[in-house]
Amino acid sequence: MSGIRTPQIRVRQAPEPVRSVRMSPAERATTQMAVSLLLDYPDAAFGSRLRILRAEVAGLPAPVHRAIVEFLDAVEPLEFVERERRYVATFDLKRKCCMYLSYYAAGDTRRRGAALVAFHEAYRAAGWEFDADELPDYLPAVLEFAARSGSPIADRLLASHREGIEVLRAALLAVGSPYARLIEAVGMSLAEIDERTRERYLRLINEGPPSESVGLGGPVELPPFIPVGRTAQEAR
């Protein structure tokens, strides 16, 4: 059989979700902005960005600082080509290492379009207009939105896709990627995971994202997200 086969990752045992770390709003914004920049594609300017961010995260709470610095220590010595190769091998070729959050809830099904619309609506409700080459559920973009807007809408958006973030971390841990430490830092910046989200996380670990089954079964269950109209009122 010809064609490219996407490598699969088997997570033998689901790691415990990351515990929340107490942070000030400024520390949370610094954490999320730093991780946003570090998770993005490692272009030619990435090396100089590492040195700047090392200084920026120096004042963060110890567990968060340690997680980010361990990532920096792992990737800073690498040549540009090697950073690029590892990034592509990690995020472009492995199904569970996907940085598009709606993928974990909706998979490659028709429901994913509705999930992407919800992301656009969330940006607009917070007074932002998403204008980038990436899809609006791209994790670095959502983290930048949370860090720069300071909006409770951004917090709810991340929280409503927390299980996807945890699945991404578990997959990165399974392949020994230093990027797992960045996703851990994200989890530390979020509220404590609840039991319902934990159940969805374990189900995703065991079953993977939904697949299309035309005419069979019920609708795909998407993570809860408070309606944009109500959230916008709360943000005022």
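Check the entry above for the structure.
Rules behind the numbers
- Residues numbered from 1 in each chain as written.
- Predicted model: local features only at pLDDT ≥ 70, side-chain atom pairs only at ≥ 80, totals over all residues.
- Heavy atoms only, no water.
- Disulfide = S-S within 2.5 Å.
- Buried < 20%, exposed > 50% of the residue type's maximum accessible area, 1.4 Å probe, protein only.
- Phe/Tyr/Trp six-rings, centres within 6.5 Å; stacked < 30°, edge-to-face > 60°.
- Patch = residues over 30% accessible without salt bridge, like charges linked within 9 Å, V, L, I, M, F, W, Y side chains within 5 Å.
- Areas by Shrake-Rupley, 256 points an atom, 1.4 Å probe, with all protein chains shown as cover.
- Salt bridge = Lys/Arg side-chain N within 4 Å of Asp/Glu carboxyl O.
- Lys, Arg positive; Asp, Glu negative; His and termini not counted.
- Charge placed at Lys NZ, Arg CZ, Asp CG, Glu CD.
- Helix = DSSP H or I, 4+ residues; strand = E, 2+ residues; numbered from the N terminus.
- Contact = heavy atoms within 4.5 Å.
- Polar contact = N/O pair within 3.5 Å; in protein donor to acceptor, adjacent residues only side chain to side chain.
- Axes fitted to C-alpha atoms, helices over the stretch in contact; angles between N-to-C directions.
- Parallel < 35°, antiparallel > 145°, perpendicular 65-115°, else oblique.
- Left-handed = near helix turned anticlockwise from the far one by under 90°.
- Nonpolar A, V, L, I, M, F, W, Y, C, P; charged D, E, K, R; others polar.

Under the defined criterion, the tally for this structure stands at 0 disulfides. Not engaged in a disulfide, the cysteine Cys-97 finds its nearest cysteine sulfur in Cys-98; these two sulfurs lie 9.2 Å apart. What makes Cys-97 buried here is its relative accessible area of 0%. With relative accessibility at 13%, the residue Cys-98 sits in the buried group.

To continue, consider the packing of aromatic side chains. Summed over all chains, the structure comprises 10 aromatic pairs. An aromatic cluster of at least three residues, connected via ring pairs, comprises Tyr-41, Phe-71, Tyr-87, Phe-91 and Tyr-179.

With that settled, the discussion passes to a negative patch on the surface. A cluster of acidic residues, Asp-40, Asp-131, Asp-133 and Glu-134, forms a negative patch at the surface. Tracing the chain through its elements places Asp-133 in the loop between helix H6 (111-125) and helix H7 (139-149). On the basis of relative accessibility, which here comes to 87%, the residue Asp-133 falls in the exposed class.

What follows concerns the environment of Arg-54. With respect to the element layout, Arg-54 can be found in helix H2 (residues 46-56). Each C-alpha atom of the pair Arg-54 and Val-69 lies 6.9 Å from the other, and the pair is 15 residues apart in sequence. Excluding residues that lie within four positions of it along the chain, Arg-54 makes contacts with Val-69, Leu-72, Asp-73 and Glu-76. There is a polar contact of 3.0 Å between the side chain of Arg-54 and the side chain of Asp-73. A polar contact is formed between the side chain of Arg-54 and the side chain of Glu-76, at a distance of 2.7 Å.

Their axes nearest at 10 Å, the elements helix H1 (residues 25-39) and H2 cross at an angle of 165°. The angle between H1 and H2 falls in the class roughly antiparallel. The handedness of the crossing between H1 and H2 comes out as left-handed. On H2, the residues that touch Thr-30, Ala-34, Leu-37 and Leu-38 of H1 are Phe-46, Arg-49, Leu-50, Leu-53 and Glu-56. Across the contact of H1 with H2, the residue classes break down as 6 nonpolar, 1 polar and 2 charged.

On to the pattern of salt bridges, then. Summed over the entire model, instances satisfying the criterion amount to 14 salt bridges. A salt bridge links Glu-144 to Arg-148; its shortest N-O distance comes to 2.8 Å. In this pair, Glu-144 and Arg-148 both sit in helix H7, 4 residues apart, roughly one turn of the helix. The exposure class of Glu-144 is partly exposed, given its relative accessible area of 25%. The exposure class assigned to Arg-148 is exposed, which follows from its relative accessible area of 55%. Across the pair Glu-166 and Arg-162 runs a salt bridge whose closest N-O atoms are separated by 3.2 Å. Of the two residues, Glu-166 and Arg-162 are both situated in helix H9 (residues 162-174); the distance of 4 residues between them amounts to about one turn of the helix. For the residue pair Glu-166 and Arg-162, the accessibility class agrees, reading buried in each case. One salt-bridge network, held together by shared partners, links Arg-54, Asp-73 and Glu-76.

This part covers the side chain of Ser-102. Looking at where Ser-102 falls in the secondary structure, it is placed in helix H5 (residues 102-106). Its relative accessible area of 0% is what places Ser-102 among the buried residues. For Ser-102, the side chain forms a polar contact with the side chain of Asp-137, separated by 2.5 Å. Each residue touching Ser-102, except ones within four places of it in the same chain, is listed here: Gly-107, Arg-112, Ala-115, Leu-116, Phe-119, Asp-137 and His-161.

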